[in-house]
Amino acid sequence: MAFEKMKLKEIEVWDGNMAASHAMRQVQIDVVSAYPITPSTPIVENYSKFLADGYIEGEFMMVESEHAAMSGCIGASAAGGRVATATSAQGLALMMETLYQASGMRLPIVLNIVNRALAAPLNVNGDHSDMYLTRDSGWIHFDAYNPQHVYDLNFIAFKVAEDHDVRLPAIVSQDGFMTSHTAQGVRTLDDDTAYNFVGEFKPMNDMLDLDHPVTHGVQTEEDWHFEHKARQHNDLMTKVFPKIEEAFDAFEKLTGRRYNIVETYHMDDAEVAIVCMGTSVETAAEVAKELRENEGIKAGVIGIRVLRPWPYKQLQEVVKNLKAVATLDRSSPNGAPGMLFNEISGVVINLDKRPVINNYIYGLGGRDLTKVHVAEVFRDLKANADAGKLTTPTQQFIGVRGPKLSYL
Amino acid sequence: MLEIRWHSRAGQGAVTGAKGLADIIASTGKHVQAFAFYGSAKRGAAMTAYNRVDDKEILNHEKFMKPDYVFVIDPALVYTTDVTINHKDNTKYIITTHMSTDELKASQPKLADKEVYTVDCIKIAQETIGRPIPNTPMLGAFMKISGMYDIEFFKDKMKGVLSKLPQKIIDANMQAIQRAYDEVK
């Protein structure tokens, strides 16, 4: 190989961005096409430094916008290479059209999203409004709660996305600043082990295979469009979870670190639970443990590890015996219940027995979710569980100034 | 859980200092977090950085903190921001100033009943490193006040953190750390 290997410590103190950069370096990507935006900028900044220092063999394309960044990824992926990029917020919004192109063309691109609020008002801090945009875009979506997860899930994302039975692009999301700029201990893999876990990129229907000409990005009207979309949905619904399970198992065997499609904390005998994503999952897990010890609340936490495909069946198993569930959305639904409220409600609607469910909007624009806030949610849940019905409004806002906001 | 809040101006190296400290502590097997409040802070703007240290994995990602230690690496921040916010009864303060601890307390009554230590990290940095970057000397003072690590062990680890810098700068940082360790009161 024409590039140098990097010696890493067993535990490096990395922020989420650095963790993503190293994972991208270790899998030896053919083409990274990128346009920097806060807070994901350091991912491609570090990556281009690794390239300049001789640790990467691939191409790095600096383009003029995020739309061009993903377009470059699409071209390179269709040509037959391992491809990735990173973005945030407005950049992701500008990229949106091309996300649908990538998944519709079945191109296994990996996109690191560092979550950030969408303007206006302009804000560079973390919330989930940008990544909520991608829900129906046909991408597989992994969510990280800390820098270690960012590192590990990148390898898993490449492995799953590039599997010839899957051939779909994958997102790895992390919380802007709370993960991307927070340094924590990350257990590393050496370069060879990391690369070998993902394996050599095996092209499929690549445009540079001139002996087997193929067409990408075709037009299909009412005659075939539906069949393409139906097949893509079918593969997301039926083929992706088995491959994710396989990858999680293989990764556990390699590292001892276990990931699950739905993560559970203190759920064995839980009566009430919070469902959320990102760093909040871990904060809530700590609060659940404390409330069990101090207030006797049988509290648990459900973390969404894979947002797409949506783990409908897996979640049914986890929530079916609960008395009350709080869904926490870090995105303004702007005139509706939050996404997690709606999707979790869908999960339980046909169960014989179902928990009382309410919704909290929190943390917009990076507003802190404190342990005190989380404890208040668990106390609401306890009251709902004891009453067997809602004792609170369906939707409440946490940590916003002024009179308490609640709806429905 | 040990928690530290840094008060600094953007550009004075609080984030680098917090990450460097985290690096050293992590190398001894403890779990760490180092983060900062960003925004669109420009060079010179008041900002805060944070460390968490624990024997077990740190799950708490809230930004709110009641610190065990407060580091102030710019002398004027004692007057322009509330460095005692969210304090505990036993919060310890290490503050960069040219004044004595008594003079400082007299000039800022909020600190009067607090456990305050003073050291002139700015002067030390200027005289050793040649630039007013007070982050590494602050860590030298912290080693003295906390007794966290033997100062020689700490300096040795710090050399590793700074290893990409020219030898002259590394040596100057070692002097700065030692001087702050010796001079903090």
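Right, let's walk through the structure included here. (Residues numbered from 1 in each chain as written. Chains lettered and ligands numbered in written order. Predicted model: local features only at pLDDT ≥ 70, side-chain atom pairs only at ≥ 80, totals over all residues. Heavy atoms only, no water.)

Moving on to the interface of chain B and chain A. In this assembly, 18 residues from chain B lie in contact with 23 residues from chain A. Roughly 1800 Å² of surface becomes buried between chain B and chain A when both sides are summed, with 53% attributable to carbon and sulfur atoms. Two residues, Asp23 of chain B and Lys9 of chain A, come together in a salt bridge whose shortest N-O distance is 3.7 Å. Taken together, the connections running from chain B to chain A amount to nine residue pairs in polar contact (both at pLDDT 80 or more). Listing elements by their share of the side of chain B that touches chain A, those giving two or more residues are α1 (14-26) and β2 (31-36) of chain B. When its residues are assigned to classes, the side of chain B that touches chain A shows nine nonpolar, four polar and five charged. Examined bridge by bridge, strand β8 (residues 183-187) of chain A and β2 of chain B share two bridges and lie antiparallel to one another. Residue pairing across strands places Ala183 of chain A opposite Ala34 of chain B, the latter belonging to β2 of chain B. (Contact = heavy atoms within 4.5 Å. Buried area = accessible area lost by both parts, 1.4 Å probe. Salt bridge = Lys/Arg side-chain N within 4 Å of Asp/Glu carboxyl O. Polar contact = N/O pair within 3.5 Å; in protein donor to acceptor, adjacent residues only side chain to side chain. Helix = DSSP H or I, 4+ residues; strand = E, 2+ residues; numbered from the N terminus. Nonpolar A, V, L, I, M, F, W, Y, C, P; charged D, E, K, R; others polar. Pairing = 2+ DSSP bridges.)

Attention now goes to the sheet that holds β2 of chain B. Ordered in space as β1(A)-β8(A)-β2(B)-β3(B)-β1(B)-β4(B)-β5(B)-β6(B), the eight strands form an open sheet in which the pairing is mixed. Single-partner strands in this sheet number two, and they are β1 (11-14) of chain A together with β6 (115-119) of chain B. The sheet shows a mean angle of 20 degrees between the axes of neighbouring strands, direction not considered. For strand β4 (residues 69-72) of chain B and strand β5 (residues 92-96) of chain B, the ladder comprises four bridges, and the chain directions are parallel. What sits directly across from Val70 of chain B, in β5 of chain B, is Tyr93 of chain B. Strands β1 and β8 of chain A of the sheet are contacted by helix α6 (residues 147-162) of chain A, whose axis makes an angle of about 40 degrees with β8 of chain A. (Axes fitted to C-alpha atoms, helices over the stretch in contact; angles between N-to-C directions.)

Ile140, Phe142, Phe155, Ile156 and Ile244 of chain A are the most contacted members of the largest nonpolar core, which has 98 residues in total. With nine residues, the single largest contributor to this core is α6 of chain A. With residues up to four places along the chain from it excluded, the contact list for Ile140 of chain A reads Val160, Val166, Leu168, Pro169, Ala170, Ile171, Leu236, Val240, Ile244, Arg308 and Pro309 of chain A. Of all hydrophobic cores here, the second largest spans 46 residues; its members include Val13 of chain A together with Ala10, Ala26 and Leu139 of chain B. (Core = buried A, V, L, I, M, F, W, Y, C linked by side-chain atoms within 4.5 Å. Buried < 20%, exposed > 50% of the residue type's maximum accessible area, 1.4 Å probe, protein only.)

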